[in-house]
Amino acid sequence: MGHNRRYGDRLSALDPPAVAPPPRIRPQHVWVNLSTVQHASAVYPGVLVEWRPVVKGWEALCTWASPDGVVHTGWLPAMRLKPLT
């Protein structure tokens, strides 16, 4: 199993990536705002782990804890986040 005329050579771990990966970010502390018009303020401390582009801008992968001690992780719109200052 060496060279394959139809598909070319196999990739190895030393081959460069075909597309440059996005730069890694360091985890960042943020305020996660889950408030809605109908409910009282719901702003929790969280950690931003990663960004991704979406049709309407950007989303961030965040982890946050609600007051009842439950830890949540999910993709949130950028407008829901504020840097911790």
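Everything numeric in this text was worked out from a predicted model, so none of it was measured. (Residues numbered from 1 in each chain as written. Predicted model: local features only at pLDDT ≥ 70, side-chain atom pairs only at ≥ 80, totals over all residues. Heavy atoms only, no water.)

Caption draft 1: A look at the side chain of Ser66. One can find Ser66 in the loop between β3 (57-65) and β4 (71-77). Dropping the residues within four chain positions of it, Ser66 is found in contact with Tyr44 and His72. (Helix = DSSP H or I, 4+ residues; strand = E, 2+ residues; numbered from the N terminus. Contact = heavy atoms within 4.5 Å.)

Caption draft 2: Quick peek at the pairing of strand β1 (residues 28-33). Sheet analysis places β1 next to strand β2 (residues 43-54), joined by six bridges and oriented antiparallel. When the sheet's bridge partners are listed, Gln28 is paired in β2 with Leu48. The sheet contact formed by β1 and strand β5 (residues 81-83) spans three bridges and is antiparallel. Note on β5: the bridge partner recorded for Val32 is Leu81. (Pairing = 2+ DSSP bridges.)

Caption draft 3: Examining the sheet that holds β3 more closely. Judged by pairing direction, the sheet is antiparallel, and its five strands sit side by side in the order β4-β3-β2-β1-β5 without closing on themselves. What marks the edges here is a single partner per strand, and that holds for β4 and β5. Between one strand axis and the next, the sheet turns through 40 degrees on average, direction left out of account. (Axes fitted to C-alpha atoms, helices over the stretch in contact; angles between N-to-C directions.)

Caption draft 4: Layout of the nonpolar core. If you look at the biggest cluster of nonpolar residues, it comprises 10 residues: Val30, Val32, Ala42, Tyr44, Leu48, Ala60, Cys62, Trp64, Leu76 and Leu81. For this core, the secondary structure elements donating two or more residues are β1, β2 and β3. With residues near it in sequence (within four places) discarded, Cys62 still touches Val30, Val47, Leu48, His72, Thr73, Gly74, Leu76 and Leu81. (Core = buried A, V, L, I, M, F, W, Y, C linked by side-chain atoms within 4.5 Å. Buried < 20%, exposed > 50% of the residue type's maximum accessible area, 1.4 Å probe, protein only.)

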